[in-house]
Amino acid sequence: MKMKKKVLALLLCMSMATGALAGCKGSTGGNSDLQTSASGGTSEQSEKNTGTAESAGDGKENAAAKDSITIAIATDPGSMYPYDQLQGIGRGLWTPVYESLYEYSPETMTPQPVLVDSYELSDDGLELTLHLKKGVLFHNGEEMKANDVIYSFNCIKNCNWKTNIGDIDFDNIKASDDYTVVIPYNTAQGPLLWQLCNLYVLNEKHMKEVGDERTFNTIGTGPFKWGEYSVGSEYKLERFDDYREPAKIREIVMRIIPDSSVQMIELETGGIDMACSVSNADIKKVQDDPNSPFTVTMGSYIGTYCINMNGSIDPYSRKALKEAVAYAIDKDTINEVVFSGQGVPSTNIYGIGVPVHEPKSGEELYNYDLEKAKAKLAEAGFPDGVTLELYIRNSTMYTQTGELLVNMLGQAGITLNINTVDAATQSNMMVAGESAMNLQLLYTNGDPYIMLSGYKGSDYDPFGIGSGPEAEQLRKLVNEALVIQDEEARIDAYRKAMDVAYANLWTIPIMDIADIAVHRKEQKGYWISGPVYHYEDIYFE
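Residues numbered from 1 in each chain as written. Predicted model: local features only at pLDDT ≥ 70, side-chain atom pairs only at ≥ 80, totals over all residues. Heavy atoms only, no water.

Engineer: Can you tell me about the layout of surface pockets, naming the residues and giving the values?
Structural biologist: Looking at the largest pocket, its volume works out to about 550 Å³. The element contributing the most residues to the lining of the largest pocket is strand E2 (residues 102-104), with three residues. For the lining of the largest pocket, a count of residues per class yields 15 nonpolar, three polar and eight charged. (1 Å grid on protein atoms, 1.4 Å probe; cavity = no way out; pocket = protein on both sides within 12 Å on 5 of 7 lines; lining within 4 Å. Points joined across faces, edges and corners; volume = space filled by probe spheres on them. Helix = DSSP H or I, 4+ residues; strand = E, 2+ residues; numbered from the N terminus. Nonpolar A, V, L, I, M, F, W, Y, C, P; charged D, E, K, R; others polar.)

Laid out in structure tokens, this is it:
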């Protein structure tokens, strides 16, 4: 580590609690009364779930009788409608409620069917025929049919996550019968089945009935349905007893607790059974203590904690300024202070858990170098310094990192103003090009098409790469990669695109991180695959 020990000591003092990992990021809590969801329940304030209030010292005798679980997440996505937050912060809440056509397998993150029995792909790769499972029920009791799938394609077409589903000719999707959907493509898609992991099927009739009130009035086909909820505070998920294989637990209570230290206190005192965003220091304590009543479930290192600077807004678009920011960031210190050494300092724009990952080294790698940062700042036209606005989310990991970045960039001559917003606001501002510099967490999976899709077109430019020859080169490489059918050839193409994105710092990667949850040892069944959190299979021994 190049930063002096006395500076590290100062930064450690600034950061009283270490940052939470990413499964679900923070939002301030609210105190509104519990409401009624589309799935039923009452509008009265509900009682706390006595079945989950168990002290840390209680034994398995109590846990064996448990048929409900209380889980803490840091971020309220602010919506039950999956296409409002089709990313980790949304899936951190609603994964048990909705089902996608395919899902990422737990072992390899490759697609496996959920609502599809079989498929055929035309020889030219331009027409996909899906044969749907029969007998799949929505939470209102209606059977899933082809019209519901087509309606759901139109939902993703009209949301901010359209590029995640591929280059589909949406206007010509058709049903040949109640259980067969024919999907035409404008161009062949290499990661076609991976893309279908983003298509969550909604009930057309119900959605048209609720219209603009869909935010908290949506139903799916998953093993749990929405119960009572209090926005910013708590959501109850009730078992759907007509599901194909009913869940082992009766109820999931999702509590919104942005502060990682509070999550750990709640876990130790029995207020919750599982914490998705405790500090890395607390995670390490659990891992190092063989007598702890808790254990850790960990995902793959597929998260990239990074900064994006909008290439269409001056001065953030200046490459030398982005280089100054990159060289001013001491990743080792952030790893030690925020992640208790459990992160992996980034060496490319993808995390090391992504099979396509290829680390940069030597002069290609933007590592901490304060003198280079100062020189690049002067090259950017700011020899006397500059003030930048950074947008972050309001949870422990982000605020901790924000404090460190203010100090680090300040030493290079960059004054950093921190703007704290909720996750939904940040996403909307990025898509609208209203926030020029963002600290965020990007996920991918076994195939990195999701991250690359953000670089795909000028009409949808969440990373703000803007225009110019380098931007057009990246877009060309991405679009070429996405249509390659052969996986090895597609990986080579991905790496070429990744090289251009990294060299131009359209993403300034800081840390590769994995989602980690801490829970009682007698809790079983929880699994993470890609940016998807499978609470629905949890049970207690």
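Engineer: Describe the sheet that holds strand E10 (residues 251-256), naming the residues involved and giving the relevant values.
Structural biologist: Backbone hydrogen bonds hold the strands of a sheet together, and the pairing may be parallel or antiparallel. The strand order across the open sheet built from seven strands is E8-E9-E10-E1-E11-E19-E12, with neighbouring strands paired in mixed fashion. Unpaired on one side and paired on the other, strand E8 (224-230) and strand E12 (294-298) mark the two borders of the sheet. Strand direction decides the pairing type here: strand E1 (residues 68-73) and E10, joined by six bridges, are parallel. Looking across to E10, one finds that isoleucine 71 is bridged to methionine 254. Sheet strands touched by helix H8 (residues 280-288): E12 and strand E19 (516-520). Its angle to E12, the strand with the most contacts, is close to 115 degrees. (Pairing = 2+ DSSP bridges. Contact = heavy atoms within 4.5 Å. Axes fitted to C-alpha atoms, helices over the stretch in contact; angles between N-to-C directions.)

Engineer: Quick one: what's the story with the packing of helix H15 (residues 469-482) against helix H16 (residues 487-503), residue by residue and with numbers?
Structural biologist: With their axes 9 Å apart at the nearest point, H15 and H16 run at an angle of 165 degrees to one another. For the element pair H15 / H16, the angle class is roughly antiparallel. Between H15 and H16 the crossing geometry is left-handed. Judged by residue contacts, Glu470, Gln473, Leu474, Leu477, Val478, Ala481 and Leu482 of H15 engage Arg490, Ala493, Tyr494, Lys496, Ala497, Val500 and Ala501 from H16. (Parallel < 35°, antiparallel > 145°, perpendicular 65-115°, else oblique. Left-handed = near helix turned anticlockwise from the far one by under 90°.)

Engineer: Which residues make up the packing of aromatic side chains, and what values go with them?
Structural biologist: Applying the stated criterion across every chain, the model contains twelve aromatic pairs. With 5.2 Å between their ring centres and 10 degrees between their planes, phenylalanine 216 and tyrosine 229 make a pair best called stacked. Taken as a pair, phenylalanine 216 in the loop between helix H6 (204-210) and E8 and tyrosine 229 in strand E8 lie far apart in primary sequence, 13 residues in all. On the accessibility criterion, tyrosine 229 (8% relative accessible area) is buried. Feature note: the residues Trp94, Tyr98, Tyr200, Phe216, Trp226, Tyr229 and Tyr235 constitute an aromatic cluster, connected by ring pairs. Above the ring of phenylalanine 540, the side-chain terminus of lysine 66 is found at 4.9 Å from the ring centroid. In this structure, lysine 248 is placed above the aromatic ring of tyrosine 539, and the distance from its NZ or CZ to the ring centre is 4.1 Å. (Phe/Tyr/Trp six-rings, centres within 6.5 Å; stacked < 30°, edge-to-face > 60°. Buried < 20%, exposed > 50% of the residue type's maximum accessible area, 1.4 Å probe, protein only. Lys NZ or Arg CZ within 6 Å of the ring centre and 35° of its normal.)

Engineer: Could you give me a rundown of the sheet that holds strand E7 (residues 180-184), with the residues and numbers involved?
Structural biologist: Ordered by their spatial adjacency, four strands build an open sheet running E4-E5-E7-E6, and the pairing between neighbours is antiparallel. Here the strands that pair on one side only, and so sit at the sheet edges, are strand E4 (116-121) and strand E6 (174-177). The sheet shows a mean angle of 25 degrees between the axes of neighbouring strands, taken without regard to direction. Looking at chain direction, E6 and E7 are connected through three bridges and run antiparallel. Opposite lysine 174, over in E7, you have valine 182 as the bridge partner. Lying over the sheet, helix H4 (residues 146-157) contacts strand E5 (127-132), E6 and E7, oriented at roughly 30 degrees with respect to E7.

Engineer: Describe the pairing of strand E17 (residues 437-443), and please don't skip the residues or the numbers.
Structural biologist: For E17, the tally of buried residues reaches seven of seven residues, placing the bulk of the element in the interior. The alternating pattern of E17 places Met437, Leu439, Leu441 and Tyr443 and Asn438, Gln440 and Leu442 on opposite faces, both of which are buried. Here seven bridges tie strand E13 (residues 303-309) to E17, and the two strands are oriented antiparallel to one another. For cysteine 306, the partnering residue across the bridge sits in E17 and is glutamine 440.

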